[in-house]
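A closer look at the structure
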Amino acid sequence: MGCLECLKDYFMGFWDYETPKVMVVQDRKLGVIYRAVQCLVITYFIWHVFIIQKAYQETEDRPDSSVYTEMRGVATLGDSVLDTTEYVQPSEGGDIITTILRREVTHDQRQGICAEDYTVPNAQCTKDSDCVRGEMDFEGHGQKTGRCIPYYNYTFKTCEIKTWCPVEKFAAIKEAALQKAINFTVFIKNSILFPKFKVLRGNIKPNKMKKLKRCHYHPETNPYCPVFSLGFIAEQASETFSELCKSGGIIGVVINWKCDFDLDPSKCKPAYSFRRLDMRKDPSTSGYHYKFAKYYDKDGVEYRTLITAYGIRLDVIVHGNAGRFSLIPTIISTVTAMTSVGICSIICDWILLTFIDKNKAFSDKKFDDTSNEPIQPTTTSPTLTSFGSNHSDLSDGVPL
Amino acid sequence: MGCLECLKDYFMGFWDYETPKVMVVQDRKLGVIYRAVQCLVITYFIWHVFIIQKAYQETEDRPDSSVYTEMRGVATLGDSVLDTTEYVQPSEGGDIITTILRREVTHDQRQGICAEDYTVPNAQCTKDSDCVRGEMDFEGHGQKTGRCIPYYNYTFKTCEIKTWCPVEKFAAIKEAALQKAINFTVFIKNSILFPKFKVLRGNIKPNKMKKLKRCHYHPETNPYCPVFSLGFIAEQASETFSELCKSGGIIGVVINWKCDFDLDPSKCKPAYSFRRLDMRKDPSTSGYHYKFAKYYDKDGVEYRTLITAYGIRLDVIVHGNAGRFSLIPTIISTVTAMTSVGICSIICDWILLTFIDKNKAFSDKKFDDTSNEPIQPTTTSPTLTSFGSNHSDLSDGVPL
Amino acid sequence: MGCLECLKDYFMGFWDYETPKVMVVQDRKLGVIYRAVQCLVITYFIWHVFIIQKAYQETEDRPDSSVYTEMRGVATLGDSVLDTTEYVQPSEGGDIITTILRREVTHDQRQGICAEDYTVPNAQCTKDSDCVRGEMDFEGHGQKTGRCIPYYNYTFKTCEIKTWCPVEKFAAIKEAALQKAINFTVFIKNSILFPKFKVLRGNIKPNKMKKLKRCHYHPETNPYCPVFSLGFIAEQASETFSELCKSGGIIGVVINWKCDFDLDPSKCKPAYSFRRLDMRKDPSTSGYHYKFAKYYDKDGVEYRTLITAYGIRLDVIVHGNAGRFSLIPTIISTVTAMTSVGICSIICDWILLTFIDKNKAFSDKKFDDTSNEPIQPTTTSPTLTSFGSNHSDLSDGVPL
């Protein structure tokens, strides 16, 4: 053959269509198994992959989210009145907001020397030599002066230290818990932007802003009113509010957006859930508290009011997940579905060749054997010769 | 056959190579369709999957990011000068930073009794019996004493309450907006670490730090100068600065790192985008503000200056996405591509068997039928017999 | 044929089982290649996909996490004692916590007029006309009054400005670094909740809370004691503590949860790693510092103490990843594995048809050719005729 003809042959061959040869087995048992498996796989793909998991959609699960929180409510504490400026920190209204429910206040601390807290290890003493001058105990509150002095107006003695005086343990006034804070509300404004789909959604209806001051959240009647009382939050998180007043706690407010933009975007509503996030298996030591101070100046000397605050910290966590029809994931999912249907063949083949009766006969039909011996182009029917060449029971009877 | 021989047979068979039998159809129309579909699929995979989506890369999309923010600028407000210490909160320079643009200041509040804000529901009264002693209105500012008193120097009356006096509504001084803050700059240092690739990238060039004090960001001329004026940010977010001065707002600063580590890592530059994040369909009620207080002590009595601050909150959001060549995703994508090419066969088969002329002839060739009747090993050519055994129009003519 | 029969035929055909015809090639070389490739692919799937990547598991990688941080330790600074209330900000104990290691304190600043910092551009002057009245330099500290005055007790002159006086550059007292802070500890309580699996895990053992005050973290002996000294953190992040005292720095504390819930959940322990997050190629300008002020009142005049704080900012970053056996990913991975094994056939076919000797003979067996000429139903054996109709070297010799 000339090279031109060979090229032409190749070019002609390029446009040939190749398709695998298929053997049809008229076995009802096998057919039923085959169709059943096929049906299962197709059902799985249509139901689970396409309807439940929406595999035909392109998804976005890392939206840009913005949270603004604001506490509301006033309460009396003894003679004074606490408003949000007093009991909420930090004031900027980010995704973490704390409410003070109980305070231990140490008034008028100043730098000076006084007796160490007696609960600190090695703080108790009987004579000056028990207190090493200049030593700082890691768990203590300051530097030892080397003297052993009476613990304020008590009879026992502790080491004298240089620190903010008096120490908190002695001077702190434990205020009553703000039980009325159960009615305080937190307003959580959240807007979420899916950059891929260019859709911005918020958890309030713009024209309903004025009503927001008085409403309370309810999943059915008031889904667009993100105002939650602390009592509601504690209840949803399966906590008792009075317990939280004692030791404090961290509660996660999870806002979950699950949006299907094939439907109207306005159908995409947030779901709220509340969970206690700090460990609480051992109630005596768990909880949430922090210390801060207010500083002031008296005749040039710096004083501070030290406050140990027990309260609820709300951590607002936003999850977003959106999807919209897209060609590419649809194609990929369809291809995967078709491939999986193809796997049925493998399973049924295995059954066919292993369990079904007459499998030897089937396998002779399915497998076309090419023995290693050189194929003789001169034989009358090479196709037939090689057929069954090592399945002697069949080929023996073939007359050539 | 002995068991040894049978094992030997099995062992020999194990090393046999099995390949599906293929039928070549010399139909130009079908061949063109087949090749066209194949070509489409291959083009899609090479273009979209490999070039656009870089499916040959292993990716990392949850990098560790660190943000440091710092505001710069001073402005006069009446007689006094405001520097960053006054108008920026919180001071630590994390990923959320607020700038105060307008303040409503209530000086010298202290715990006491005074008239309730007249805008509170049920606060207005004409006689003492309108005010229930001990009652606390949820939207009010304190606890009612039971008396009805004149509202400061006005003629109408409201209930007297125990609270921080005087109430903000009456005593707040509305300061002018800091219009000059349009020139304030925010410096946003961001470094990002991809743990999987062990690459650390920052948004400033280390040796250019000294120039940073005076530069301004520009995507082309100054990409490594992350200093943005508030005016630039407002403009990019399609907001008017004077509007923001009035009611405040939350603006997201999105830093997007899209890195291809098959190229030089130094080519991986951040892209900045700015978006208003709080809802603003109803301008009268949207915006951003918060309250905080400065406390001081006068002769042992605690006073506070209450400040309601309207301003811009910048939420810095960092997205990172990096990829680098890896063998495993390359193999997986190639396998998927090949499988998808295989799907072409299924489509063309369907066309072949449904639409193309001579399909009956093709299907006889493609489908090798095994009828349910027992196969007789004694026939001369079992292969031929079964061929077309239920496609009688063809097999009828076969002489055995 | 009647339509009823045709429907019956279709119905019967529906239950037929179709399986591709396979050619067995008894070529040892090819068989070995085929089995080797198959073995490689299967090994890859079993080892890498199933054992290493645990592809049979359903995974969750965006858990809800809660971080609570608390610093501990006291240190002396000159005559005074600093406790956590002084050197830790913010006080609420969130996922970002800063420790002040060195301070520059400017006492008793108040609104007034004084000389501008001489390092500000254009601040130095010789005569009043050098200072434009009312001008505000962007990098300056206030508004120029138009006078040129001596720089405090120095002989050179700078423009007089209206600002908080005196300016920090002149009046700031640089305190010594808190070298002893190397022993300060930070307690990081972290709990993590995988909503999909409803498993809550914490990094402390509930019944060991009392011991937590004294323990230090060690990966082997004390994995459930998340108390880290600043020295340990600096060392792990490959930083020298004295360097951090000078210029400050941002260190990321990465807590990595990798959980396999097929095992006992209690085996899921966090791993801690520490990395410097701010850029530090140019030590003279990098680092971490921030400014804040304490306000007080002297006879009705507001004073402030301005503090520039250099320190360590710890950013706690939590990564979580959990998996548990699930049917669906198992099926999908198995299908992918089987498909990939199928790809071996394609590779071997290509070798078979390209490199192996006798490939012409093989291809004649593999490819069953259907020529374009009309099939004559009258030929005695149409199947044989078309067989090899364009592979003339074979079909020529077939006697019909």
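Residues numbered from 1 in each chain as written. Chains lettered and ligands numbered in written order. Predicted model: local features only at pLDDT ≥ 70, side-chain atom pairs only at ≥ 80, totals over all residues. Heavy atoms only, no water.

Turning to the overall build of chain A, a few remarks are in order. Helix and strand content of chain A: 10 helices and 19 strands. By residue count, 53% of the 400 residues in chain A fall in the buried class. Pairs at least 24 apart in sequence give 67% of the contacts found in chain A among residues at least 6 apart. Here chain A has roughly 18,800 Å² of accessible surface; of this, 57% comes from carbon and sulfur atoms. (Helix = DSSP H or I, 4+ residues; strand = E, 2+ residues; numbered from the N terminus. Buried < 20%, exposed > 50% of the residue type's maximum accessible area, 1.4 Å probe, protein only. Contact = heavy atoms within 4.5 Å. Areas by Shrake-Rupley, 256 points an atom, 1.4 Å probe, with all protein chains shown as cover.)

On to the pattern of salt bridges. Overall, the coordinates contain 46 salt bridges over all chains when judged by the stated rule. A salt bridge links Lys294 of chain B to Glu86 of chain B, with the nearest nitrogen and oxygen atoms 3.9 Å apart. Of this pair, Lys294 of chain B sits in strand β17 (residues 289-298) while Glu86 of chain B sits in helix α3 (residues 84-87), and the two are 208 residues apart along the sequence. Among the ionic pairs, Glu160 of chain C bridges to Arg147 of chain C, the shortest N-O distance being 3.6 Å. Of this pair, Glu160 of chain C sits in strand β10 (residues 157-165) while Arg147 of chain C sits in strand β9 (residues 143-150), and the two are 13 residues apart along the sequence. On the accessibility criterion, Glu160 of chain C (5% relative accessible area) is buried. Residues joined by salt bridges that share partners form a network here, namely Asp83, Glu86 and Lys294 of chain A together with Glu302 and Arg304 of chain B. (Salt bridge = Lys/Arg side-chain N within 4 Å of Asp/Glu carboxyl O.)

Let us look at helix α2 (residues 28-52) of chain C. The α-helix advances 3.6 residues per turn, and as a result positions three or four apart in sequence lie on the same side. Residue and element names in this part refer to chain C. If you check α2, its first and last C-alpha atoms are 34 Å apart, about what 25 residues at 1.5 Å a residue would give, namely 36 Å. Within the sequence span of α2, burial applies to Leu30, Gly31, Tyr34, Arg35, Gln38, Val41, Phe45, His48, Val49 and Phe50. Looking one or two residues beyond α2, the residue adopting positive phi is Lys54, at roughly 50°. (Expected span 1.5 Å × (residues − 1).)

Taken together, the side chains of Ile42, Ile46, Trp47, Ile51 and Ile52 of chain A present a nonpolar region at the surface, about 500 Å² in accessible area. Tracing the backbone shows Ile51 of chain A in helix α2 (residues 28-52). (Patch = residues over 30% accessible without salt bridge, like charges linked within 9 Å, V, L, I, M, F, W, Y side chains within 5 Å.)

When the UniProt feature table is mapped onto this chain numbering, "transmembrane region" (unreviewed entry) sits at residues 32-52 and 331-356 of chain A. Across residues 32-52 of chain A, the secondary structure splits into 100% helix and 0% strand, with the terminal C-alpha atoms separated by 28 Å. (UniProt positions renumbered as here; feature names shortened; annotations may be inferred.)

Right, let's talk about the state of the cysteines for a bit. What makes a disulfide is a covalent bond joining the sulfur atoms belonging to two cysteines. Residue and element names in this part refer to chain A. Applying the stated criterion across every chain yields a total of 15 disulfides over all chains. There is a disulfide in this structure between Cys125 and Cys148, and the S-S distance comes to 1.9 Å. Where Cys125 bonds to Cys148 through sulfur, the torsion about that S-S bond is close to 100°, and the disulfide is right-handed. Of this pair, Cys125 sits in the loop between β8 (96-115) and β9 (143-150) while Cys148 is found in strand β9, placing the two residues 23 residues apart along the sequence. Residue Cys125 shares its accessibility class with Cys148, and that shared class is buried. The partner cysteine of Cys131 in its disulfide is Cys159, sulfur to sulfur 1.8 Å. (Disulfide = S-S within 2.5 Å.)

What follows covers the UniProt feature "binding site: ATP" (unreviewed entry) in chain A. Mapped onto this structure's residue numbering, the UniProt feature "binding site: ATP" (unreviewed entry) falls at Thr185 of chain A. Residue placement: Thr185 of chain A occurs in strand β12 (residues 185-194). In this view, Thr185 of chain A contacts Glu70, Met71, Arg72, His216, Val227, Phe228 and Ser229 of chain A together with Phe138 of chain B; residues no more than four positions away in its chain are not counted.

Structurally, Ser247 of chain A is set in helix α6 (residues 241-247). When sequence neighbours within four positions are dropped, the list of residues in contact with Ser247 of chain A reads Ser286, Gly287, Tyr288 and Tyr310 of chain A.

Tallied over the entire structure, the rule returns 75 aromatic pairs over all chains. Aromatic pair Tyr56 of chain C and Phe325 of chain C: ring centres 6.4 Å apart, planes at 35°, arrangement tilted. Highlighted residues: Tyr56 of chain C in the loop between α2 and β3 (57-60) and Phe325 of chain C in strand β18 (residues 301-325), separated in sequence by 269 residues. For Tyr56 of chain C, a relative accessible area of 21% translates into the label partly exposed. Among the aromatic residues, those joined into a ring-pair cluster are Tyr118, Tyr151, Tyr152, Tyr154, Phe156 and Phe170 of chain A. The ring of Tyr303 of chain A carries Lys298 of chain A above its face, with NZ or CZ at 4.9 Å from the centroid. In this structure, Arg102 of chain C packs its charged tip against the face of Tyr310 of chain C, placed 4.3 Å from the ring centre. (Phe/Tyr/Trp six-rings, centres within 6.5 Å; stacked < 30°, edge-to-face > 60°. Lys NZ or Arg CZ within 6 Å of the ring centre and 35° of its normal.)

Further remarks concern the environment of Val227 of chain C. By secondary structure assignment, the location of Val227 of chain C is in strand β14 (residues 227-229). Expressed as a C-alpha distance, the spacing of Val227 of chain C and Lys162 of chain C, which sit 65 residues apart in the sequence, is 48 Å.

Residues and elements named next belong to chain C. Cis geometry is found at the peptide bond from Gln89 to Pro90, where omega equals -15°. Structurally, the position occupied by Pro90 is in the loop between β7 (88-89) and β8 (96-115). A positive phi angle is found at Asp108, which is not glycine, with a value near 55°. Secondary-structure assignment places Asp108 in strand β8.

Our next topic: the pairing of strand β1 (residues 17-20) of chain B. Here β1 of chain B shows a buried face lined by Tyr17 and Thr19 of chain B and an unburied face lined by Glu18 and Pro20 of chain B. One ladder, built from 4 bridges, connects β1 of chain B with strand β2 (residues 22-25) of chain C; its direction is antiparallel. Opposite Glu18 of chain B, over in β2 of chain C, you have Val24 of chain C as the bridge partner. (Pairing = 2+ DSSP bridges.)

Right, let's get into the confidence of the model for chain A. Residues at a pLDDT of 70 or more form 81% of chain A, whose mean pLDDT is 79. In this model residues 372-400 of chain A is a low-confidence stretch, pLDDT under 50, and it forms 50 contacts with partners more than four residues away in sequence or in other chains. (pLDDT = per-residue confidence, 0-100.)

Residue and element names in this part refer to chain A. Residues Pro270, Tyr272, Phe274 and Arg276 line the buried face of strand β16 (residues 270-276), whereas the alternating positions Ala271, Ser273 and Arg275 sit on a face that is not buried. Inspection of the sheet shows strand β15 (residues 249-260) paired to β16 by 7 bridges, in the antiparallel sense. Bridge assignment links Gly252 to a residue of β16, and that residue is Arg275.

The next subject is the side chain of His319 of chain B. Residue position: His319 of chain B is located in strand β18 (residues 301-325). Judged by its relative accessible area of 16%, His319 of chain B falls in the buried class. Setting aside anything within four residues of it in sequence, one finds His319 of chain B in contact with Arg62 and Asp64 of chain A together with Val254, Ile255, Asn256 and Trp257 of chain B.

Moving on, we get to the environment of Ile331 of chain A. Mapped onto the secondary structure, Ile331 of chain A falls in helix α7 (residues 327-354). When the C-alpha positions of Ile331 of chain A and Ala55 of chain A are compared, they lie 9.7 Å apart, and in sequence the two are 276 residues distant.

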